[in-house]
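Residue-level listing of the chains:
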Amino acid sequence: ADAELCLRSGMPIAPDRVRGALETIRSRVVRTPLLESPLLNELVRSRRGVADARVFVKAECLQHTGAFKFRGALHKLLCMDDETRGRGVCAFSSGNFAQALALAARETGVQCTIIAPHDAPAVKMERTRGYGAELLFSTPAAGENREVAAAALAERFSATSGRRPLPTT
């Protein structure tokens, strides 16, 4: 909870907390490489005038579910106490976090419900369901934002089901 507070407030997270998180998830995630980008090197060098600039990109497309979000979802579930894990989790997401949380939940034996907008990308919802999550879809009222509608449904679902709501950040 205090790591989430740090992120939302802009406060830095101590390096030892980052190292601790790494130790928690290390054996369950893909160690993705940093790849140097000659094209980005040249763009930075020519547009910023930095002669020795080197740009590296993290190949998170190689991570489970194809995105970095799996790391955070897995860490969150592994750090929960048994009682909370036993209640299950829920989250509002229409994409990468939905897939990441669903897979992390499957790997840790936690029940997972994803609440998504009715028009969420079908391929992402299929993968999310394939990882074992239950899906609920929301349809906004006329003039209501789709994310607002899905987030409200997620809150109601959490209150009635007892599942722990997780932020998508």
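Residues numbered from 1 in each chain as written. Predicted model: local features only at pLDDT ≥ 70, side-chain atom pairs only at ≥ 80, totals over all residues. Heavy atoms only, no water.

1. Quick look at the nonpolar core
Moving on, step 1. Of all hydrophobic cores here, the largest spans 27 residues; its most connected members are Phe 70, Leu 77, Val 89, Leu 101, Cys 112, Ile 114 and Leu 166.
Moving on, step 2. Sorting elements by how many residues they give to this core places helix H6 (residues 96-108) first, with 8 residues.
Moving on, step 3. When residues no more than four places from it in sequence are discounted, the contact partners of Leu 166 are Lys 76, Leu 77, Met 80, Val 89, Cys 90, Ala 91 and Leu 101.
Moving on, step 4. Grouped together as the second largest cluster of nonpolar side chains are 6 residues, Ile 115, Ala 150, Ala 154 and Phe 157 included. (Core = buried A, V, L, I, M, F, W, Y, C linked by side-chain atoms within 4.5 Å. Buried < 20%, exposed > 50% of the residue type's maximum accessible area, 1.4 Å probe, protein only. Helix = DSSP H or I, 4+ residues; strand = E, 2+ residues; numbered from the N terminus. Contact = heavy atoms within 4.5 Å.)

2. Remarks on the sheet that holds strand S4 (residues 112-117)
Moving on, step 1. Spatial ordering of the open sheet is given by S5-S4-S3-S6, a layout of 4 strands whose pairing is parallel. Of all strands in the sheet, those with a lone pairing partner are strand S5 (134-138) and strand S6 (164-165), marking the two edges.
Moving on, step 2. Packing against the sheet, helix H7 (residues 122-130) makes contact with S4 and S5, and its axis sits at approximately 145 degrees to S5. (Pairing = 2+ DSSP bridges. Axes fitted to C-alpha atoms, helices over the stretch in contact; angles between N-to-C directions.)

3. Let's talk about helix H8 (residues 146-161)
Moving on, step 1. With 16 residues, H8 should reach 22 Å at 1.5 Å per residue; the first-to-last C-alpha distance of 22 Å fits that figure.
Moving on, step 2. Buried residues of H8: Ala 149, Ala 150, Leu 153, Ala 154, Phe 157 and Ser 158, and no others.
Moving on, step 3. Considering only its buried residues, H8 is in contact with strand S3 (89-92), S4, S5 and S6.
Moving on, step 4. For H8, the side-chain oxygen to backbone nitrogen distance between the N-cap and Glu 147 is 2.7 Å, and the N-cap itself is Asn 145.
Moving on, step 5. Residue Gly 162 follows H8 closely and has a positive phi angle near 85 degrees. (Expected span 1.5 Å × (residues − 1). Polar contact = N/O pair within 3.5 Å; in protein donor to acceptor, adjacent residues only side chain to side chain.)

4. Remarks on the pairing of S3
Moving on, step 1. Here S3 runs beside S4; their pairing, made up of 4 bridges, is parallel. Each bridged residue has a counterpart across the sheet, and for Phe 92 the counterpart in S4 is Ile 115.
Moving on, step 2. In terms of handedness, the path from S3 via H6 over to S4 forms a crossover that is right-handed. (Right-handed = clockwise from strand over helix to strand, strands pointing away.)

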